[in-house]
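A look at the structure
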Amino acid sequence: MEARAVVRTNASVRHGKVNAPRGRRATHVVHAEVEVEKKSQSLEIMRKFSEQYAKRSGTYFCVDKGVTSVVIKGLADHKDELGAPLCPCRHYDDKEAEVASGYWNCPCVPMRERKECHCMLFLTEDNDFVGKDQDITMDEIAESTQGM
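Our next topic: the nonpolar core. The nonpolar side chains of a soluble globular protein tend to be buried with one another. Ile72, Leu121 and Phe122 are the most contacted members of the largest nonpolar core, which totals 24 residues. Aside from chain neighbours lying at most four places away, what touches Phe122 is Phe49, Ser50, Tyr53, Ala54, Thr59, Tyr60, Phe61, Cys106, Met111 and Cys117.

Written out as structure tokens, the structure reads:
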């Protein structure tokens, strides 16, 4: 991936490419910006997945969008770190083994089979915490997960 980012060092930008001076500072900044862009893309992917799955499964997000936001961010983080959206609301002794088994990859087996979401991301209408929404914006997620 070519970095087309704002670089706040003494690196120069020519023809959309970063020309780093001798040393590592510019390289670290570019890598950090690429990493931020990747995390942002994963978050958007998991946001869209969550909306689509809620609509497809007839479930809704929690009345407290902060809960929804934190779970979506956790799924995106696991997707980046592990290559799969492993349920972020459980403890695992071996996350890689859990990803390989697929049981707790979102949507997990209990959700697919019985509409039981341990994370409270996908709630049925009879749940005390169910909201009315099947949509969430990136701004809502950013506001709730700021500093995480």
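We now examine the pattern of salt bridges. Applying the stated criterion across every chain, the model contains nine salt bridges. Its salt-bridge partner being Glu51, residue Arg47 comes within 2.8 Å of it at the nearest N-O pair. Placement of both Arg47 and Glu51 in helix 1 (residues 25–57) is noted, with a separation of four residues, approximately one turn of the helix. For the pair Arg47 and Glu51, one class covers both residues: buried. Shared partners join several salt bridges into a network, and the residues in it are Glu44, Arg47, Lys48 and Glu51.

Time to look at empty space enclosed by the protein. All told, the structure shown has one cavity of 30 Å³ or more when counted by the stated rule. Each pocket or cavity is described by its volume, and for the largest cavity that value is around 90 Å³. Residues of the lining of the largest cavity, tallied by class, amount to twelve nonpolar, one polar and no charged.

What follows covers the packing of aromatic side chains. In total, this model carries four aromatic pairs according to the counting rule given. A centroid spacing of 6.3 Å and a plane angle of 85° characterise the contact between Phe49 and Phe122, whose relative ring orientation is edge-to-face. Placement of the pair is Phe49 in helix 1 and Phe122 in the loop between helix 4 (109–114) and helix 5 (138–145), with a sequence separation of 73 residues. Owing to a relative accessible area of 1%, Phe122 belongs among the buried residues under this scheme. Site record: aromatic cluster; members linked through ring pairs are Phe49, Tyr53 and Phe122. Above the face of the Trp104 ring, Arg90 is positioned so that its terminal group lies 3.7 Å from the ring centre.

To continue, consider unusual backbone geometry. At the junction of Cys106 and Pro107, the peptide bond is cis and its omega measures out at -5° in the coordinates. Looking at the secondary structure, you find Pro107 in the loop between helix 3 (95–101) and helix 4. Residue Met120 is not a glycine yet carries a positive backbone phi of 65°. With respect to the helices and strands, Met120 occurs in the loop between helix 4 and helix 5. Here Met120 falls in the partly exposed class, since its relative accessible area comes to 26%.

About the thresholds
- Residues numbered from 1 in each chain as written.
- Predicted model: local features only at pLDDT ≥ 70, side-chain atom pairs only at ≥ 80, totals over all residues.
- Heavy atoms only, no water.
- Core = buried A, V, L, I, M, F, W, Y, C linked by side-chain atoms within 4.5 Å.
- Buried < 20%, exposed > 50% of the residue type's maximum accessible area, 1.4 Å probe, protein only.
- Contact = heavy atoms within 4.5 Å.
- Salt bridge = Lys/Arg side-chain N within 4 Å of Asp/Glu carboxyl O.
- Helix = DSSP H or I, 4+ residues; strand = E, 2+ residues; numbered from the N terminus.
- 1 Å grid on protein atoms, 1.4 Å probe; cavity = no way out; pocket = protein on both sides within 12 Å on 5 of 7 lines; lining within 4 Å.
- Points joined across faces, edges and corners; volume = space filled by probe spheres on them.
- Nonpolar A, V, L, I, M, F, W, Y, C, P; charged D, E, K, R; others polar.
- Phe/Tyr/Trp six-rings, centres within 6.5 Å; stacked < 30°, edge-to-face > 60°.
- Lys NZ or Arg CZ within 6 Å of the ring centre and 35° of its normal.

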